[in-house]
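# Report on the structure
Each chain, written out:
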Amino acid sequence: MDLGLKGKTAIVCAASKGLGKACAVNLAREGVNLTICARTAEPLEATAEEIRNAYDVNVTAIACDITSETGRNEVLKATPNPDILVNNAGGPPPGDFRDWNREDWIKALDANMLTPIELIKATVDGMIDRKFGRIVNITSGAVKAPIDILGLSNGARAGLTGFVAGIARKTVIHNVTINNLLPGPFDTDRIATVLKGQAKAQGVAYETARQNRMADNPAGRFGDPDEFGAMCAFMCSSQAGFMTGQNILLDGGAFPGVL
Ligand code: NAD
């Protein structure tokens, strides 16, 4: 299927590794020129070079912290008028809510709620003027099924989800859609870090914790980041103009409900 994206431009945040990278790669495969960012220059530049070598697209790499105003300004300076915005940042640490203070909450809100809102604010009106825009926010399966130890993530992402639900109905008339893509367990560095912590807490080997977690999923495995990136590319496609304000869950069937 031709997704109708050749020659479009995208900002993909937090994209040197994992799910952000998979979204960038899948958009590049469709001929989308990219501005990607991540905090550390070396892996980011390696990803940019990998994409340039594989696909005939321009890739601008900005090493920055996207949760800072300076970082966002640098990215927007490189690409002030993107057709596509993929919002992403690292997830907050797990823990007990009794241990979190105001600073911890502000950090989580900055990363997983206010940064995507700021980037939407900076880009959505241009998309409306040009009558094409696709915004995808990478959130988490925890939006639908909150996980106790991820309270910072549950709270911040719920705030973004509520905000998006409101504005997504205002932009779609201009062919600008805003949706959220919710990962369940995907095979990235992030899940490896979480599993290492779980293995230690349970006193089992890392590989045992990994196998147990996969066995818990109806699919019997973790998601491949490329499966996530492919869904992101479809949500950005010209064919997806009638879908807005949705929370699309990719979790191998782990969420047991019907809605
Ligand atoms: P990852 O650790 O594999 O990759 C994170 C990427 O984000 C890296 O490129 C890193 O450099 C970049 N990054 C992190 N913080 C940044 C910042 N402040 N500014 C710029 N770049 C930044 O993580 P992932 O698995 O791809 O997860 C992406 C998002 O999805 C996270 O918010 C995570 O919490 C969420 N998530 C992941 C899973 C999963 O199973 N992988 C499940 C649920 C939610």
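This text gives an overview of the structure that appears in the document. (Residues numbered from 1 in each chain as written. Predicted model: local features only at pLDDT ≥ 70, side-chain atom pairs only at ≥ 80, totals over all residues. Heavy atoms only, no water.)

By the burial criterion, the buried members of helix H7 (residues 206–216) are Ala 209, Arg 210 and Met 214. The buried side chains of H7 occupy one side of the element, clustering within an arc of 130° when seen end-on. Away from the buried face of H7 by more than 90 degrees, exposed residues Ala 215 and Asp 216 are located. Tucked into the core, H7 has its buried residues touching helix H6 (189–202). (Buried < 20%, exposed > 50% of the residue type's maximum accessible area, 1.4 Å probe, protein only. Helix = DSSP H or I, 4+ residues; strand = E, 2+ residues; numbered from the N terminus. Arc of directions from axis to C-beta. Contact = heavy atoms within 4.5 Å.)

Neighbouring the ligand are 27 residues; Ser 16, Leu 19, Ala 89, Phe 186 and Thr 188 lie closest to it. Contact between the ligand and Gly 90: a nitrogen atom at 3.1 Å from a main-chain N or O atom of the residue. Contact between the ligand and Arg 190: an oxygen atom at 3.3 Å from a side-chain N or O atom of the residue. For the ligand, whose free accessible area comes to 830 Å², the fraction covered by protein is 90%. Among the elements that make up the shell around the ligand, the one with the highest residue count is H6 (three residues). Residue composition of the shell around the ligand, by class: 11 nonpolar, 10 polar and six charged. (Near = heavy atom within 4 Å. Polar contact = N/O pair within 3.5 Å; in protein donor to acceptor, adjacent residues only side chain to side chain. Areas by Shrake-Rupley, 256 points an atom, 1.4 Å probe, with all protein chains shown as cover. Nonpolar A, V, L, I, M, F, W, Y, C, P; charged D, E, K, R; others polar.)

Now for the environment of Lys 107. By the secondary structure assignment, Lys 107 is in helix H4 (residues 102–130). In this structure Lys 107 comes out as exposed when scored by relative accessible area, which is 64%. Once the C-alpha coordinates of Lys 107 and Leu 152 are considered, the two residues, 45 residues apart in sequence, prove to be 9.2 Å apart.

Looking now at the sheet that holds strand E6 (residues 176–183). Strands sit in the order E3-E2-E1-E4-E5-E6-E7 across an open sheet of seven strands; the sheet is parallel. Pairing within the sheet leaves two strands with one partner each, and these edge strands are strand E3 (59–63) and strand E7 (247–250). Averaged over neighbouring strand pairs, the angle between their axes works out to 15° when direction is ignored. Looking at chain direction, strand E1 (residues 9–12) and strand E2 (residues 33–38) are connected through four bridges and run parallel. Note that in E2 the partner of Ile 11 across the bridge is Thr 35. Contacts between helix H8 (residues 225–235) and the sheet are confined to strand E4 (84–87), strand E5 (133–138), E6 and E7, with E6 contributing the most and set at about 165° to the helix. (Pairing = 2+ DSSP bridges. Axes fitted to C-alpha atoms, helices over the stretch in contact; angles between N-to-C directions.)

Geometric descriptors of this kind do not, in isolation, establish any biological role.
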